[in-house]
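# An overview of the molecular structure
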Amino acid sequence: TANGDVAPIRKISGTNTGLVISQGIAVDTVNNEVAVTNLNNSITVYSRTANCDAAPIRKISGTNTGLATPVGIAVDTANNEIVVANKMGGGSITVYSRNANGDVAPVRKISGTNTSLDGPQGVAVDTANTEIVVANLWGDFITVYSRTANGDVAPVRKISGADTGLLDPGGIVVDPVNNEIAVANWSNNSITVY
């Protein structure tokens, strides 16, 4: 209900936090946690009520993780997984156990030429339809994969073309109640819904 020039009720900031040019954030209300992507190729996880110079309770980081400029992040509480959109290195979607910690390999990774990924920026999990939905920044399109997709797999659907209104899509969410996908477009200051 905040409105106007109000101070935050909490602020995670400081040297112990591990935050480095943070991009994506996902709130896990089931497990009372907040997961964040950092451009130093790490994911940091905090208690939802963390405040001040709080250290993460878990951190995914290292050469085995497959993280490559992670930006978008989603927590799939139904399947206890963290799903990440990696913008660089050809683009990829990496999936980790929700409790993953340290230099761990993803349990699944969507990457390769058949995936159509082109600068994946935002990612959402549609638990109702068991799908992963991705906003591709450079390609101006949305790709949809099976939630359990792995490897160099083609999307099951793709939203693209002049009529879509997509232009540098970034943030993306799935509304399972109304069976809709909403996307924030940077370059034309719009939100498009499908």
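For the structure, see preceding data.
Residues numbered from 1 in each chain as written. Predicted model: local features only at pLDDT ≥ 70, side-chain atom pairs only at ≥ 80, totals over all residues. Heavy atoms only, no water.

A word on the sheet that holds strand β12 (residues 157-159). Strand order in the open sheet formed by four strands is β9-β10-β11-β12, and the pairing between neighbours is antiparallel. Two strands in the sheet have a free side with no partner beyond their single neighbour: β9 (120-126) and β12. Going from strand to strand, the sheet's axes swing by 20 degrees on average, the running direction of each strand aside. Pairing analysis gives six bridges linking strand β10 (residues 131-136) to strand β11 (residues 141-146), with the strands arranged antiparallel. The residue bridging Ala135 from the neighbouring strand is Ile142, located in β11. (Pairing = 2+ DSSP bridges. Helix = DSSP H or I, 4+ residues; strand = E, 2+ residues; numbered from the N terminus. Axes fitted to C-alpha atoms, helices over the stretch in contact; angles between N-to-C directions.)

In space, the four strands of this open sheet follow the order β5-β6-β7-β8, with antiparallel pairing throughout. The two strands at the open ends of the sheet, each matched to only one other strand, are β5 (70-76) and β8 (108-111). Averaged over neighbouring strand pairs, the angle between their axes works out to 15 degrees when direction is ignored. Bridge count for strand β6 (residues 81-86) against strand β7 (residues 92-97) is six bridges, and the pairing is antiparallel. Among the inter-strand pairings, Ala85 is bridged to a residue of β7, identified as Ile93.

Ranked by internal contacts, the top residues of the largest apolar core, which has 13 residues, are Val83, Ile93, Val123, Ile132 and Val134. Going through the elements one at a time, β6, β7, β9 and β10 are the ones with two or more residues in this core. What Val134 contacts, discounting residues up to four positions off in sequence, is Ile93, Leu117, Pro120, Gly122, Val123, Phe141, Ile142, Thr143, Tyr145 and Ile172. Formed by twelve residues, the second largest nonpolar core is a distinct cluster that contains Leu67, Val75, Tyr96 and Ala100. (Core = buried A, V, L, I, M, F, W, Y, C linked by side-chain atoms within 4.5 Å. Buried < 20%, exposed > 50% of the residue type's maximum accessible area, 1.4 Å probe, protein only. Contact = heavy atoms within 4.5 Å.)

Before going further, it helps to spend a moment on a nonpolar patch on the surface. A contiguous nonpolar patch, built from Val20, Ile21 and Leu39 and spanning about 230 Å² of accessible area, is present on the exposed surface. Relative to the helices and strands, Val20 resides in the segment before β1 (22-28). (Patch = residues over 30% accessible without salt bridge, like charges linked within 9 Å, V, L, I, M, F, W, Y side chains within 5 Å. Areas by Shrake-Rupley, 256 points an atom, 1.4 Å probe, with all protein chains shown as cover. Salt bridge = Lys/Arg side-chain N within 4 Å of Asp/Glu carboxyl O.)

With that out of the way, let us pick up the pattern of salt bridges. Under the counting rule described, the total for this entry stands at five salt bridges. For the salt bridge of Glu33 with Arg98, the shortest nitrogen-to-oxygen distance reads 3.0 Å. Of the two residues, Glu33 sits in strand β2 (residues 33-38) while Arg98 sits in the loop between β7 and β8, which places them 65 residues apart along the sequence. Each member of the pair, Glu33 together with Arg98, is buried. Between Arg157 and Glu131 there is a salt bridge, with its nearest N and O atoms 2.8 Å apart. Placement of the pair is Arg157 in strand β12 and Glu131 in strand β10, with a sequence separation of 26 residues. In this structure Arg157 comes out as partly exposed when scored by relative accessible area, which is 41%. The network of salt bridges with common partners includes Glu33, Arg58 and Arg98.

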